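# Breakdown of the fold
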2 protein chains.
Amino acid sequence: METDAVTIMKALGEHAKDAAKAMRMADTQAKNEALVLAAAVIRRESSEIISANALDMKAADENGLDDAMKDRLLLNADRIEAMAEGLEQIAVLPDPVGAIDHLRYRPSGIQVGHMRVPLGVIGIIYESRPNVTADAAGLCLKSGNAAILRGGSEAIHSNRAVAACLRRALVDSGLPQNAVQLVDSTDRALVGALLKSEHYVDVIIPRGGKSLIERVSAESRVPVIKHLDGICHVYIDASAKAAMALNIAVNAKTHRYGVCNAMETLLIHQDVNADVCSAIIQAMIDKGVEVRGCEKTRMLCEDLDVKVATDEDWATEYLSPVLSVRIVESLDTAVEHIAQFGSGHTESIVTEDYEAGQRFLREVDSSSVMWNASTRFADGFEYGLGAEIGISTDRLHVRGPVGLEGLTTQKWIVLGSGQIRQ
Amino acid sequence: METDAVTIMKALGEHAKDAAKAMRMADTQAKNEALVLAAAVIRRESSEIISANALDMKAADENGLDDAMKDRLLLNADRIEAMAEGLEQIAVLPDPVGAIDHLRYRPSGIQVGHMRVPLGVIGIIYESRPNVTADAAGLCLKSGNAAILRGGSEAIHSNRAVAACLRRALVDSGLPQNAVQLVDSTDRALVGALLKSEHYVDVIIPRGGKSLIERVSAESRVPVIKHLDGICHVYIDASAKAAMALNIAVNAKTHRYGVCNAMETLLIHQDVNADVCSAIIQAMIDKGVEVRGCEKTRMLCEDLDVKVATDEDWATEYLSPVLSVRIVESLDTAVEHIAQFGSGHTESIVTEDYEAGQRFLREVDSSSVMWNASTRFADGFEYGLGAEIGISTDRLHVRGPVGLEGLTTQKWIVLGSGQIRQ
């Protein structure tokens, strides 16, 4: 019932707000201890977690979930160890909270700067992978926030078991167990109630497929940090080094197919040598990639099996071994193509030309813009964030990979010696 | 009609998006020239602006607007000169766009950093003051954004005249005139349509009274940077220097009454000397401030005219010569009082005690937290932003005074030499 959902969420929200107050003041050592302890508890309880996961796997069979979904849902010894190690890795990251930046004197004599502080209460809405319970809770904990976790109903037993480990570790470290709360029900009305908890929740982070993210964005009264499509481009400029262009294009497309920072469209300047184009496309085909090209591409590579690319291709995030290829007249056309069809995630130019590289960096409006590097680097670990809770394709607050800092905000601090305003 | 409003807003949105594309790439010199030229055009057209304003003033009389509202609406030679000077001041501020921060090498060999870029299209919804038209447009222009301005209907003629000056200056500087668009209609449905323009508008900034801001927050599908109440506190700790405490309290309350960073509640530690308390309250009364105190305050200052403070007082932003005073047992009580009744705007502690100051800075969760300084310093100019478009009491994206940087976002940039992901 709707009212029940609101009542349940209100209680969770109040507990989270109380916990957030304590977490905001928690010192670095207590937070690190809680993370290390949570890893230990997860290892100790690993057979209980696997038993709980078995219930979810059984239900998955009964409900006819497909193999990909069941693979995401599965927890085994390796995956449990990976969760524990993930928490230990978060423990050794620098604590962002309380860091003071840019403190400087003003003509009035006051010193003004920024102090980094937690966001408060973070709602995480995610789908089948139960490891998100540990990852997301760990990042929220280290950044001094309270987390309300709403996992997929198909993973409820697994999530409950993992969340219990985290809560035990919090208590044993002298921190409030309600810093990690699981929405312990599969009632979908609770998602709606969470999205309307603007008085308790400071930000919602949805992690999952497009339909989940679209629902969350449309319904939420709480600000959302979201990740939509990754239609990433590599643009090979006229002056690109041939071997580098080939390496980057092949890596960006074929290193992993189902990831948001994989290349989906390759743009090639018309002055790039025809042999270089063919070699790149041949390399893709050799890797088992289906290539769909514009008219010029197909003419240039007429010996190769290049299918016809339609406008729909330019706008598609394949997440699979399919690549669309377009030959463009100029850097301008490449930038326009990206503006029209891209999703603002990650784009890379391959060029030795200083002006072209500089212009691409400035003119392409994506969360990551690269010069002579594979789009696959768009990742919290590769950027040095240590861990990421997701990649934001939003413009406000945080853009691209979101690590601990993205889960914090800043307040102004002023240090005076009695100054008053004249 | 609703549909008309949507159609009008769609056209404005499309124009703004096109203009934003050009503004994003506009160089610093062109933007500065446009600002300086806009100032010159405003000075040249000052008699036209005053004639347009006279129409608004006449309507204000006919509609029985009160004197405060008419004063806010009025444009005279001085105020027009101030608008022009404001634009010139924005012109000399450093351009935030394109600035690259924290570029550093990663173990993979790539360099990773942040580049500051415009937000895109900014909707400003404001009330009677027509100078906001120039101020807000100037800040959006310098930060490389396109602005859609929706001023109060009572200022429509004035806003039209000022916006025309800005648009002329844009054209004459080779920039798109649609970087500044005024919603040239008093139809209230247009506000609703603007708030639902999430496909065209990146952020909405409402400037005005509480009811405007609450309406905007409740209805908007576009992210909002908003400014709610300023219930600011000064806390005088046991170890405060008496003269400093008096100076800061009097300045925070009486320097200006109607501003959001004025003190509304004074908290005094119970160990502060009774003579010091009386002297502060006496000084307030001498300045014409009505003092409302807790029971202890009234007992302590029984010779003075201290009225009874209720719970409603603690939660009130007076914006007038009224002050509530509470004597507290400890720093903890002060911090709790602020958490319960404050609005998260600005709070200041007066203390010589290192631990108390450090704790206050860390534990008070407001957009500005001060130590031995007047709350009146919470201001974009005083903080060195050069100018401000408002003060954010939100937690995400930007908090406290919002200057040019708050109107931008960041993208990641990666500089490589052919790196691929292993």
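Residues numbered from 1 in each chain as written. Chains lettered and ligands numbered in written order. Predicted model: local features only at pLDDT ≥ 70, side-chain atom pairs only at ≥ 80, totals over all residues. Heavy atoms only, no water.

Helix and strand content of chain A: 15 helices and 16 strands. Here the C-alpha radius of gyration of chain A, 24 Å, is about what a compact globule of 422 residues would show, namely 22 Å. Overall size of chain A, expressed as C-alpha extent along the three principal axes, is 70 × 65 × 40 Å. When burial is assessed residue by residue, chain A has 58% of its 422 residues classed as buried. Expressed as a percentage of contacts within chain A between residues at least 6 apart in sequence, the contacts between residues at least 24 apart total 71%. Per element, the accessible surface of chain A, about 16,500 Å² overall, is 50% carbon and sulfur. Chain A carries 43 positive and 59 negative side-chain charges, and their two centres are separated by 7 Å. (Helix = DSSP H or I, 4+ residues; strand = E, 2+ residues; numbered from the N terminus. Rg over C-alpha atoms; globule rule 2.2 N^0.38 Å. Buried < 20%, exposed > 50% of the residue type's maximum accessible area, 1.4 Å probe, protein only. Contact = heavy atoms within 4.5 Å. Areas by Shrake-Rupley, 256 points an atom, 1.4 Å probe, with all protein chains shown as cover. Lys, Arg positive; Asp, Glu negative; His and termini not counted. Charge placed at Lys NZ, Arg CZ, Asp CG, Glu CD.)

Glancing now at the domain arrangement of chain A. Taken as a whole, chain A is organised into domain 1 (2–226 + 402–414) and domain 2 (232–377). Distance from the C-alpha centre of domain 1 of chain A to the C-alpha centre of domain 2 of chain A: 36 Å. (Domains from an automatic or database assignment.)

Often, the extent of an interface is quoted as the loss of accessible area upon association of its parts. Listed as interface residues are 70 residues of chain B and, on the opposing side, 70 residues of chain A. Its largest share of buried area at the contact with chain A, chain B owes to Arg362(B), Trp412(B) and Arg421(B), together 16% of the area lost on that side. For the pair chain B and chain A, the interface holds six salt bridges. Between Arg421(B) and Asp379(A) there is a salt bridge, and its shortest N-O distance comes to 4.0 Å. (Buried area = accessible area lost by both parts, 1.4 Å probe. Salt bridge = Lys/Arg side-chain N within 4 Å of Asp/Glu carboxyl O.)

This paragraph deals with the packing of helix H3 (residues 46–62) of chain A against helix H7 (residues 156–172) of chain A. For any two helices packed against each other, the geometry comes down to the angle between their axes and how far apart the axes lie. All names here are of chain A. Two elements in contact, H3 and H7, have axes whose closest approach is 6 Å; the angle formed by their N-to-C orientations is 160°. The angle between H3 and H7 falls in the class roughly antiparallel. Contact with H3, carried on its side by Ile49, Ala52, Asn53, Leu55 and Asp56, involves Ile156, His157, Ser158, Ala161, Val162 and Cys165 of H7 and no other residues of that element. Its residues placed into classes, the contact of H3 with H7 shows seven nonpolar, three polar and one charged. (Axes fitted to C-alpha atoms, helices over the stretch in contact; angles between N-to-C directions. Parallel < 35°, antiparallel > 145°, perpendicular 65-115°, else oblique. Nonpolar A, V, L, I, M, F, W, Y, C, P; charged D, E, K, R; others polar.)

With that out of the way, let us pick up the side chain of Thr351(A). All names here are of chain A. Note that threonine 351 resides in the loop between strand S12 (346–350) and helix H15 (354–363). Owing to a relative accessible area of 1%, threonine 351 belongs among the buried residues under this scheme. Polar contacts involving the side chain of threonine 351 include one to the side chain of serine 239, which spans 2.7 Å. Leave out the neighbours within four places in its chain, and threonine 351 touches Asp237, Ser239, Ala240, Ala356, Gly357, Trp371 and Asn372. (Polar contact = N/O pair within 3.5 Å; in protein donor to acceptor, adjacent residues only side chain to side chain.)

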